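Residue strings, one per chain:
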Amino acid sequence: MAKADAPDLLNHEGLRIAERDPVNDEYTYGRGKDELRPIEIEAGVLNRADGSAYLEWGENKVLAATYGPRECHPRRDQDPAEAVVRVTYNMAPFSVSDRTRPGPSRRDREIGKVTSEALEPAVLTQLYPGAAIDVFIEIIEAEAGTRCAGLTAASVSMADAGIPMKGLVTSCAAGKIEDDVVLDLSREEDFHGEADLPIAVVPKTGDVVLLQMDGDLSADEFDEAIDKAYEACYDIHDLQKQALVDRYQGSATNGGNR
Amino acid sequence: MADSEIVFPGDELGVAEQFMPGDGAYEEDGMVYAARVGEAELDPGSFEARVRPRTQTPATLDDGDIVIGRVTSIRKSFVSVDLEANAAEPGRELPEVGSGTLHISKISPDYLDQIEDAFRIGDLIRARVIDDDPSIQLLTKDDGLGVLVARCPKCRTVMETKGDGLVCPACEWKERAKMAADYGLGNLLPPDNVDELMEQREQAQRDHGIDFPPRPQYSPGNGD
């Protein structure tokens, strides 16, 4: 099923590529079908942002920053009834192997739009009518699944900014490689695989706030992929919470707004 | 300080029959949940469930808060002030709150014949919020409140104090102003030594103050 020059995505034991040696172009296998790439999250990494987070997910490296709620400019974007959540997704030119042109591409804008639509339902926007909450996602290094990584980091940065939310938003993808449904596609799997299905979940409410699909899945495979990604979101949710605990462990409460 | 349990957005705090959602909490489907990261606080006295935040929180504006603002327009009896920040939370921008209004009667403890004797458009001022609903009303009567930085209306140089008035170091333009005691010192909140600064200013006024021509004083019942 794999294309001519594609590596074997699964080895004889059914394990996936875990690492690539770029010098000899050799692959080491060892990742299970339901295994996530290693994820590390750190909250509060930027001084001048109201809230921020840095996330590494496999070889993805993502910075997210939140500003606001603040006055919404241009004013035509304002909503007199609630705050608007605006997301800017940007890939650094050096984030991929062939340099990307700086500036918002068609793809960047779409990802920003779907990310803001995934974050907004979790925010108590009615508390800040007329205001804007600006979230910036910078992809420093990309290795498949940047929208999931960006969204996961963005939610931590919003919590770090103290934005009132119904819950954190967590995102993860599942996909299909060599006729198998697997969790969290890596670069090779995304490129040579058959399908990619990123979803985002508010684990506290169980709501699905983003669902996209690239490629073909049968109805059964679709259900299986959703289940896998949905379940993984709960594991990632624990990592998000741990990042916030690590940041605020031992620090005093700041007393609140009264 | 002991680490009590940290709650996260979406964690259950209690049942709506038992608690009202307070600061940092929200109610949905009969339950009260946390809306931010912090320590849960269930107040049996006021029946409120709150979350004391561990994170920074968005800036707020309430009665009694000190704000930094810029004078944007001057009318016959009031000035409009663009609110830049809550002086106690300078790191966070204010959510959209519109502008504040400062009535002529709330500007100075003395009678003020015309607002131009206190403020000019573009002045950076410190004021206190005396009403935040339905619109934001401000006051600058206290010694620690008033103009923080003003520019010369002729040459835009930053003006310096000279006794009770302001003088432009470049073109020697002089004008009256309702200055904060710590004009030009770069503080956001009023300093502790406001009285001392006011005494120094009075002394300076006696020593080398500007002699402005007298303005009409308020006399009750003069017809208008």
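Residues numbered from 1 in each chain as written. Chains lettered and ligands numbered in written order. Predicted model: local features only at pLDDT ≥ 70, side-chain atom pairs only at ≥ 80, totals over all residues. Heavy atoms only, no water.

So, helix α1 (residues 194-208) of chain B
Residue and element names in this part refer to chain B.
Alright, step 1. Along its 15 residues, α1 runs 21 Å from first to last C-alpha, staying within 8% of the 21 Å computed at 1.5 Å per residue.
Alright, step 2. For α1, the set of buried residues is Val-194, Leu-197, Met-198, Arg-201 and Ala-204. Along α1, the residues classed as buried sweep out an arc of 120° about the axis, all on the same side. Counted as exposed and oriented over 90 degrees from the buried face of α1: Asp-195, Glu-199, Arg-206 and Asp-207. (Helix = DSSP H or I, 4+ residues; strand = E, 2+ residues; numbered from the N terminus. Expected span 1.5 Å × (residues − 1). Buried < 20%, exposed > 50% of the residue type's maximum accessible area, 1.4 Å probe, protein only. Arc of directions from axis to C-beta.)

Here we look at the packing of aromatic side chains
How two aromatic rings sit relative to each other is set out by the distance from centre to centre and by the angle between their planes.
Residues and elements named next belong to chain A.
Alright, step 1. Counted by the stated rule, this structure contains 3 aromatic pairs over all chains.
Alright, step 2. Measuring from centroid to centroid gives 5.7 Å for Tyr-230 and Tyr-234, while their planes differ by 50°, and the two rings are tilted. Here the residue Tyr-230 and the residue Tyr-234 both occupy positions in helix α4 (residues 219-248), the gap between them amounting to 4 residues, near one helical turn. (Phe/Tyr/Trp six-rings, centres within 6.5 Å; stacked < 30°, edge-to-face > 60°.)

Some points on the pattern of salt bridges
All names here are of chain A.
Alright, step 1. On inspection of all chains with the given rule, the structure shows 36 salt bridges over all chains.
Alright, step 2. Between Arg-247 and Asp-160 there is a salt bridge; the shortest N-O distance is 3.6 Å. On the criterion of sequence distance, the pair formed by Arg-247 in helix α4 and Asp-160 in helix α2 (residues 146-160) is long-range, its members being 87 residues apart.
Alright, step 3. The buried category is assigned to Asp-160, whose relative accessible area is 3%.
Alright, step 4. Between Glu-221 and Lys-176 there is a salt bridge; the shortest N-O distance is 3.4 Å. With a gap of 45 residues between them, Glu-221 in helix α4 and Lys-176 in strand β8 (residues 170-177) connect regions that are remote in the sequence. For the pair shown, Glu-221 and Lys-176 are each scored as buried.
Alright, step 5. Connected through salt bridges with shared partners, the residues Arg-16, Arg-31, Arg-37, Glu-143, Asp-184 and Glu-189 form a single ionic network. (Salt bridge = Lys/Arg side-chain N within 4 Å of Asp/Glu carboxyl O.)

Looking at the interface of chain A and chain B
Alright, step 1. The partner chain B presents 32 residues to the 37 residues of chain A that form the contact.
Alright, step 2. Carbon and sulfur atoms make up 51% of the area that chain A and chain B hide from each other, which totals about 3000 Å².
Alright, step 3. Linking chain A with chain B are 4 salt bridges, by the criterion used here.
Alright, step 4. Asp-50 of chain A is the partner of Arg-92 of chain B in a salt bridge, and the nearest nitrogen-oxygen pair spans 3.4 Å.
Alright, step 5. Between chain A and chain B we count 11 residue pairs in polar contact (both at pLDDT 80 or more) in total.
Alright, step 6. Class assignment for the residues of the side of chain A that touches chain B results in 15 nonpolar, 13 polar and 9 charged. (Contact = heavy atoms within 4.5 Å. Buried area = accessible area lost by both parts, 1.4 Å probe. Polar contact = N/O pair within 3.5 Å; in protein donor to acceptor, adjacent residues only side chain to side chain. Nonpolar A, V, L, I, M, F, W, Y, C, P; charged D, E, K, R; others polar.)

Considerations on the layout of surface pockets
It is the rolling of a water-molecule-sized probe over the atoms that shows where space remains empty.
Residue and element names in this part refer to chain A.
Alright, step 1. As a volume, the largest pocket reaches approximately 830 Å³.
Alright, step 2. For the largest pocket, the lining is made up of 36 residues, of which Glu-143, Ala-144, Arg-187, Asp-190 and Phe-191 are closest to its centre.
Alright, step 3. Of all the elements in the fold, those that place two or more residues in the lining of the largest pocket are α1 (106-119), α2, β8, α3 (187-192) and β10 (195-202).
Alright, step 4. Considering each element in turn, the lining of the largest pocket owes the most residues, 5 residues, to α3. (1 Å grid on protein atoms, 1.4 Å probe; cavity = no way out; pocket = protein on both sides within 12 Å on 5 of 7 lines; lining within 4 Å. Points joined across faces, edges and corners; volume = space filled by probe spheres on them.)

Regarding the pairing of strand β7 (residues 48-53) of chain B
Residue and element names in this part refer to chain B.
Alright, step 1. Of all 6 residues making up β7, 5 are buried, and the element is well covered by its neighbours.
Alright, step 2. Bridge count between strand β3 (residues 20-21) and β7: 2 bridges; the pairing is parallel. Looking at the pairing, Pro-21 lines up with Ala-49 of β7.
Alright, step 3. Bridging between strand β6 (residues 38-43) and β7 involves 6 bridges; their strand directions are antiparallel. Residue Ala-40 lies in a different strand from β7, and its bridge partner there is Val-51.
Alright, step 4. Linking two consecutive strands that pair antiparallel, namely β6 and β7, is a turn of 4 residues; a positive phi of about 55° is found at Phe-47 within it. (Pairing = 2+ DSSP bridges.)

Considerations on the nonpolar core
Alright, step 1. Ranked by size, the top nonpolar core spans 66 residues in total, and within it Trp-57 and Leu-119 of chain A carry the most contacts.
Alright, step 2. Here this core gets 9 residues from one element, more than from any other, and that element is α4 of chain A.
Alright, step 3. For Leu-119 of chain A, the residues in contact, after removing those within four places along its chain, are Val-85, Val-87, Val-135, Leu-151, Ala-154, Ser-155, Met-158 and Val-169 of chain A.
Alright, step 4. Counting residues in hydrophobic clusters, the runner-up holds 30 residues, among them Val-79, Leu-94, Met-159 and Tyr-183 of chain B. (Core = buried A, V, L, I, M, F, W, Y, C linked by side-chain atoms within 4.5 Å.)

Describing unusual backbone geometry
Alright, step 1. Along the chain, Gly-68 of chain A connects to Pro-69 of chain A via a cis peptide bond; the corresponding omega equals 5°.
Alright, step 2. Along the polypeptide, Pro-69 of chain A turns up in strand β5 (residues 60-71).
Alright, step 3. Cis geometry marks the peptide bond from Asp-133 of chain B to Pro-134 of chain B; its omega dihedral reads 5°.
Alright, step 4. Residue placement: Pro-134 of chain B occurs in the loop between β11 (124-131) and β12 (136-139).
Alright, step 5. The phi torsion at Asp-179 of chain A lies on the positive side, around 70°, for a residue other than glycine.

Considering the sheet that holds strand β7 (residues 131-141) of chain A
All names here are of chain A.
Alright, step 1. Strand order in the open sheet formed by 5 strands is β3-β4-β5-β7-β6, and the pairing between neighbours is mixed. If you trace the sheet from one side to the other, it starts and ends with β3 (39-43) and β6 (84-91), each paired once. Neighbour to neighbour, the strand axes of the sheet diverge by 15° on average, direction disregarded.
Alright, step 2. In this sheet, β7 lies alongside β6 in parallel orientation, the contact comprising 8 bridges. Across the sheet, residue Val-85 finds its bridge partner in β7, namely Ile-133.
Alright, step 3. Where α1 meets the sheet, it contacts β6 and β7, and its direction lies at approximately 145° from that of β6. (Axes fitted to C-alpha atoms, helices over the stretch in contact; angles between N-to-C directions.)

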